[in-house]
Amino acid sequence: QFFELVGFLAETYPHQECMLPYDLFHRIFESMLYGMSHHSARVSKCCLHGITSLFKEQNSSKAMQTHLHSHAEIYDECVHKIFVSVVFQDHIIDRMESARSAILQLGAADFARMQGLVKKIASSVHLSQQQRLLTAFEKLLRPEVVVTDTATGLEGRTNRTAFKELFTEFVKDIQSFLVMR
């Protein structure tokens, strides 16, 4: 229930949570990172929704800018954990929508940094799988879709729909060769 509460608070009050002193913010954020890889899909989804809300707030108001500027590793750790601890696992099917939303908001927050991080993630897999994973990441992380996610109206909906299709294809592709069982 703790993780559900933490995720709920981040989802409901993202601006206020972003304004917390860094030490408190970081402890809550770390809890959500831990919870998103929880064996319970419900707990994982709550934490992923919380992370999505925080980065959605960042994209609209730059509320987390102070934390991200002085502690860039929180972004790096979040991207790494979402892919390695959630997306690359066989239980991703239960968390597809939540993980997709979080990745889209993280990508919109700092697309260039995310591209560098996914290259680093790809370099950590077996050599025989690196190129295939990089190709899958290139198909998924298209700037015209990810960076413009913050658009509203028809353009925003179109981009989210396009990313949904790209993410589903990405998961199917990596499931065939990379998923850690």
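Before reading further, recall that the structure is shown in the block above.
Residues numbered from 1 in each chain as written. Predicted model: local features only at pLDDT ≥ 70, side-chain atom pairs only at ≥ 80, totals over all residues. Heavy atoms only, no water.

Q: Outline the overall build of the chain, listing residues and values.
A: Scanning the chain for helices and strands turns up eleven helices and zero strands. In sequence order, the chain lays out its α and β elements as α-α-α-α-α-α-α-α-α-α-α. Its C-alpha atoms give the chain a radius of gyration of 15 Å, within 12% of the compact-globule value 16 Å for 181 residues. Taken across its 181 residues, the chain has 48% of its residues classed as buried. Counted over contacts in the chain with a minimum sequence separation of 6, partners at least 24 positions apart contribute 71%. (Helix = DSSP H or I, 4+ residues; strand = E, 2+ residues; numbered from the N terminus. Rg over C-alpha atoms; globule rule 2.2 N^0.38 Å. Buried < 20%, exposed > 50% of the residue type's maximum accessible area, 1.4 Å probe, protein only. Contact = heavy atoms within 4.5 Å.)

Q: Before we move on, could you go through unusual backbone geometry and cite the residues and values that matter?
A: Notably, Lys-62 is not glycine yet its phi reads approximately 60°, a positive angle. With respect to the helices and strands, the residue Lys-62 is situated in the loop between α4 (41-61) and α5 (65-70). Residue classification places Lys-62 among the partly exposed residues on the basis of a relative accessible area of 45%.

Q: Quick rundown of the nonpolar core? Include the residues and the values.
A: Core analysis: the biggest nonpolar cluster contains 58 residues, and Phe-29, Phe-83, Val-87, Phe-88, Phe-167 and Phe-170 have the highest contact counts within it. Per-element tally for this core: the top contributor is helix α6 (residues 73-87), with eight residues. (Core = buried A, V, L, I, M, F, W, Y, C linked by side-chain atoms within 4.5 Å.)

Q: Explain the side chain of His-67 to me, and be specific about the residues and the numbers.
A: Counting through the fold element by element, His-67 comes out in helix α5. A distance of 3.1 Å separates a polar atom in the side chain of His-67 from the backbone oxygen of Cys-18. Apart from the residues within four sequence positions on either side, His-67 is in contact with Cys-18, Leu-20, Pro-21, Tyr-22, Phe-25, Ala-72 and Ile-74. (Polar contact = N/O pair within 3.5 Å; in protein donor to acceptor, adjacent residues only side chain to side chain.)

Q: Give me the packing of aromatic side chains: which residues, what numbers.
A: Two descriptors summarise a pair of aromatic rings, namely the distance from one centre to the other and the angle between the planes of the rings. On inspection of all chains with the given rule, the structure shows twelve aromatic pairs. Note on Phe-29 and Phe-55: the rings are 6.3 Å apart at their centroids and 65° apart in plane angle, and the pair reads as edge-to-face. Here the residue Phe-29 occupies a position in helix α3 (residues 22-35), and Phe-55 occupies one in helix α4, the gap between them amounting to 26 residues. Ring geometry for Phe-83 against Phe-88: centres 6.1 Å apart, planes inclined by 45°, an arrangement best described as tilted. We note that Phe-83, like Phe-88, is buried. Here a set of aromatic residues connected by ring pairs shows up, and it is made of Phe-83, Phe-88, Phe-137, Phe-163, Phe-167 and Phe-170. (Phe/Tyr/Trp six-rings, centres within 6.5 Å; stacked < 30°, edge-to-face > 60°.)

Q: Before we move on, can you summarise the pattern of salt bridges with the specific residues and values?
A: On inspection of all chains with the given rule, the structure shows four salt bridges. A salt bridge links Arg-42 to Glu-4, with the nearest nitrogen and oxygen atoms 2.9 Å apart. Placement of the pair is Arg-42 in helix α4 and Glu-4 in helix α1 (residues 2-12), with a sequence separation of 38 residues. Under the relative-accessibility criterion, Glu-4 is labelled buried at 19%. (Salt bridge = Lys/Arg side-chain N within 4 Å of Asp/Glu carboxyl O.)

Q: I'd like to hear about α3, residue by residue, with values.
A: Helix length check: α3, at 14 residues, gives a terminal C-alpha distance of 19 Å against a target of 20 Å (1.5 Å per residue), a fit within 8%. The complete set of buried residues in α3 reads Tyr-22, Phe-25, Ile-28, Phe-29, Ser-31, Met-32, Leu-33 and Gly-35. (Expected span 1.5 Å × (residues − 1).)

Q: Report on the packing of α4 against helix α7 (residues 96-109), specifying residues and quantitative values.
A: It is the contact of α4 with α7, at a shortest axis distance of 8 Å, that shows an interaxial angle of 25°. With respect to α7, the axis of α4 lies roughly parallel. In this structure, α4 crosses over α7, and the sense of that crossing is left-handed. On α7, the residues touching Lys-45, Leu-48, His-49, Ile-51, Thr-52, Phe-55, Lys-56, Gln-58 and Asn-59 of α4 are Ser-98, Ala-99, Ser-101, Ala-102, Gln-105, Leu-106, Ala-108 and Ala-109. By residue class, the composition of the contact of α4 with α7 is eight nonpolar, seven polar and two charged. (Axes fitted to C-alpha atoms, helices over the stretch in contact; angles between N-to-C directions. Parallel < 35°, antiparallel > 145°, perpendicular 65-115°, else oblique. Left-handed = near helix turned anticlockwise from the far one by under 90°. Nonpolar A, V, L, I, M, F, W, Y, C, P; charged D, E, K, R; others polar.)

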